[in-house]
Amino acid sequence: MTDERTLADLLARATELADDVQPPVADLLRRGRRRRSQRTGARAISVAAIAIIAVAAPQAVRTLDHHGQPPGPVALLPGLIPSGSPPAASGPTGAQIAGFRWSELPSAPLHTTQPATVAWAGNELLALGGPVNGRPSPDGAAFEPATGRWHQIAPAPAGVKLGFATSVWTGSQFFVTDLRSSCQGSSQGKSPSACGPLAGLYDPATNRWSTTAVPRSLQDFGPMTATWTGSDVVLAGVSSHYRLKVAAYDPAANRWQLITPTLPAGHSPAYATVAATARQLIVWVMWQHTRSLHNGFSIRSGIDVFALSGNGTWRDMTGRWLQHQTMSTPTVTSSGLLVSPGEIWCGDYCSPPPAIDPGYFTRPDGWHRTDVPVSPVDAAFPAYIWTGDAIIEASGPITEHTTTGLSIRPARLVVLDQAASRWRTLPAPPTRFFFAAPPVWTGTELLLLTYHDHLYALRG
């Protein structure tokens, strides 16, 4: 059987539910969504795939007023559409990284079980928030590889929550926001504006925070995916009520803009992700359509793909993109977009047949792809870590039993030697503690922060 016929057979089994599925349908749907969310974990909000081609009319971008409502079509914020060159390949090769060894570094001075947010901010590693004595902490710390030292940073302002935050590095500031309302269950005596979440921007150069009020239309969306266009933070996500929102924030002007595309009728969004390439902003929206039958239900699923044009309209790219496979938030590289391994997407409420779709490089238009060799940890569907010239994969903090029935050893790391087109196993971290967050590539080394603030570096 050819690969195409095999894929078609798998999709048929994945998307066609038997007509004798018995009620209660609502309970089955709730359990299906919970099961998929548990399986995909944090990556669930950043996956996308195509199963059915759909077309949407171009939609004008709209700004947000202070209530978060769109007053009408306007011109795009300056610089919202990226313009530049793709990043140049740089950094050590996979073969060189395979010879790296682990070093133990000073522990973070946070006294948390697990930081809420860990990210690379240009020249230093930021670790923010986390529970201290059972309560969320606004404190943070930064590690500078150049000096080998940690220093505490200014605490996050009141109203900037870090527990389930969306974040992105802008090149000079670290943007972070938890979009949940602060008045859930306790709004008595508080005005709506006092309940709304804030987004915080931390400037390492001045060790100061600034804040901006999050528009009401984005509140209570939970974690979203984020990208930086060169002038704007763009957020994309789907609420628990299956509502899509895409918004842009210009830190220089302190201005928000709603840029949500309109999906085709019957496409209920489940997850969304966004990426800014050198010349365009692309949004992938995983959708599903559930229809109740007299003795069960049926599901259709797929993804809509849109690129934002310079005149403020969305250009439909759905028919150009890879069909059927879930897709993590892509990384922009000199070779195109890099997409991590995925599985068959057939909706929240179905269990796809055991299958691993490899990661790949693709041009931003989606017409051409080059598969990445399957790795020993692909079955855990980990996110790729791009070093500028090589790909590193790290399995999760616990042994994962995936849809393939395979078991992946925890904290296993591998690197792709592209010259030899094969994966090499990296040394295991010298610790019994699990990852507090995925490892971070600094440009020359891999930093790993574990539970209880222990820090390690994989370096040459």
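Presented here is a report on the structure given in the accompanying data block. What you see is a predicted model, and the numbers here were worked out from it, not measured in a lab.

Here we take up the overall build of the chain. Looking only at helices and strands, the chain has 4 helices and 33 strands in total. In the chain, buried positions account for 52% of the 460 residues. Considering only contacts within the chain whose residues lie at least 6 apart along the sequence, 58% involve residues at least 24 apart. Surface accessibility of the chain: about 20,000 Å² in total, with carbon and sulfur atoms responsible for 52%.

A few words now on the sheet that holds strand β2 (residues 101-105). If you walk across this open sheet you meet the 4 strands as β2-β33-β32-β31, and the pairing is antiparallel. In this open sheet, the two edge strands, each paired with only one partner strand, are β2 and β31 (440-441). As paired strands, β2 and strand β33 (residues 455-459) are joined by 5 bridges and run antiparallel to one another. Bridge pairing in β33 places Glu104 opposite Tyr456.

What follows concerns the packing of aromatic side chains. Summed over the entire model, instances satisfying the criterion amount to 9 aromatic pairs. Judged by centre distance (6.2 Å) and plane angle (75°), the rings of Tyr271 and Trp345 are edge-to-face. Here Tyr271, found in strand β17 (residues 268-276), pairs with Trp345, found in the loop between β22 (336-339) and β23 (360-362); they are 74 residues apart in sequence, far enough to count as distant. The burial state of Tyr271 is the same as that of Trp345; both residues are buried.

Okay, the pattern of salt bridges next. When their charged atoms lie close together, side chains carrying opposite charge are able to pair. Enumeration according to the criterion identifies 4 salt bridges in this entry. In this structure, the salt-bridge partner of Arg363 is Asp365, at a minimum N-O distance of 3.5 Å. Residue Asp365 is classed as partly exposed on the basis of its relative accessible area, which comes to 22%. Between Asp417 and Arg424 there is a salt bridge, with the nearest N and O atoms lying 3.0 Å from each other.

Strand order in the open sheet formed by 4 strands is β3-β4-β7-β8, and the pairing between neighbours is antiparallel. Pairing within the sheet leaves two strands with one partner each, and these edge strands are β3 (117-120) and β8 (149-153). Direction aside, the axes of adjacent strands within the sheet are offset by 20° on average. Where strand β7 (residues 140-144) and β8 come together, 5 bridges link them in antiparallel fashion. Bridging across to β8, Ala141 finds its partner in Gln152.

Within the element layout of this structure, Ile385 appears in strand β25 (residues 384-386). Here Ile385 falls in the buried class, since its relative accessible area comes to 12%. Remark: the alpha-carbon pair of Ile385 and Val440, spanning 55 residues in sequence, is separated by 7.7 Å. Residues contacting Ile385, with those up to four places away along its chain left out, are Ala390, Ile391, Ile392, Pro439, Trp441 and Leu446.

Here the focus is the pairing of strand β11 (residues 198-203). Summarising burial for β11: 5 of the 6 residues are buried, a large majority. Where strand β10 (residues 174-177) and β11 come together, 4 bridges link them in antiparallel fashion. Bridging across to β11, Thr177 finds its partner in Ala199. Here β11 pairs with strand β12 (residues 208-213) via 6 bridges, running antiparallel. Along β12, the bridge assignment pairs Tyr202 with Trp209. The turn linking β11 back onto β12 is made up of 4 residues, and Asn207 within it adopts a positive phi angle of 55°.

About the thresholds
- Position numbers for residues count from 1 along each chain, tracking the sequence in the order it is written.
- pLDDT decides what is reported in this predicted model: residues at 70 or higher carry local features, side-chain atom pairs at 80 or more are listed and counted, and totals for whole chains, interfaces and linings draw on all residues regardless.
- With hydrogens and water excluded, all non-hydrogen atoms of the structure serve as input to the side-chain values.
- Secondary structure follows DSSP: runs of H or I at least 4 residues long count as helices, runs of E at least 2 residues long count as strands, and numbering of each begins at the N terminus.
- Note on classification: 1.4 Å probe, protein chains only; a residue is buried when its accessible area is under 20% of the maximum for its type, exposed when over 50%, partly exposed between these limits.
- We call two residues contacting when some pair of their heavy atoms lies within 4.5 Å.
- Only the protein chains shown count as cover for residues, and all accessible areas are computed by the Shrake-Rupley method using a 1.4 Å probe.
- One bridge is not enough; two strands pair if DSSP finds at least two bridges between them.
- Geometry of aromatic contacts follows a simple scheme: Phe, Tyr and Trp rings, the Trp one being its six-membered ring, pair when their centres are within 6.5 Å, and the pair is stacked under 30 degrees between planes, edge-to-face over 60, tilted otherwise.
- Here, a salt bridge means any Lys or Arg side-chain nitrogen found within 4 Å of an Asp or Glu carboxyl oxygen.
- Angles here are taken between N-to-C directions and fall from 0 to 180 degrees, while the axes themselves are lines fitted to C-alpha atoms, restricted in helices to the stretch in contact.

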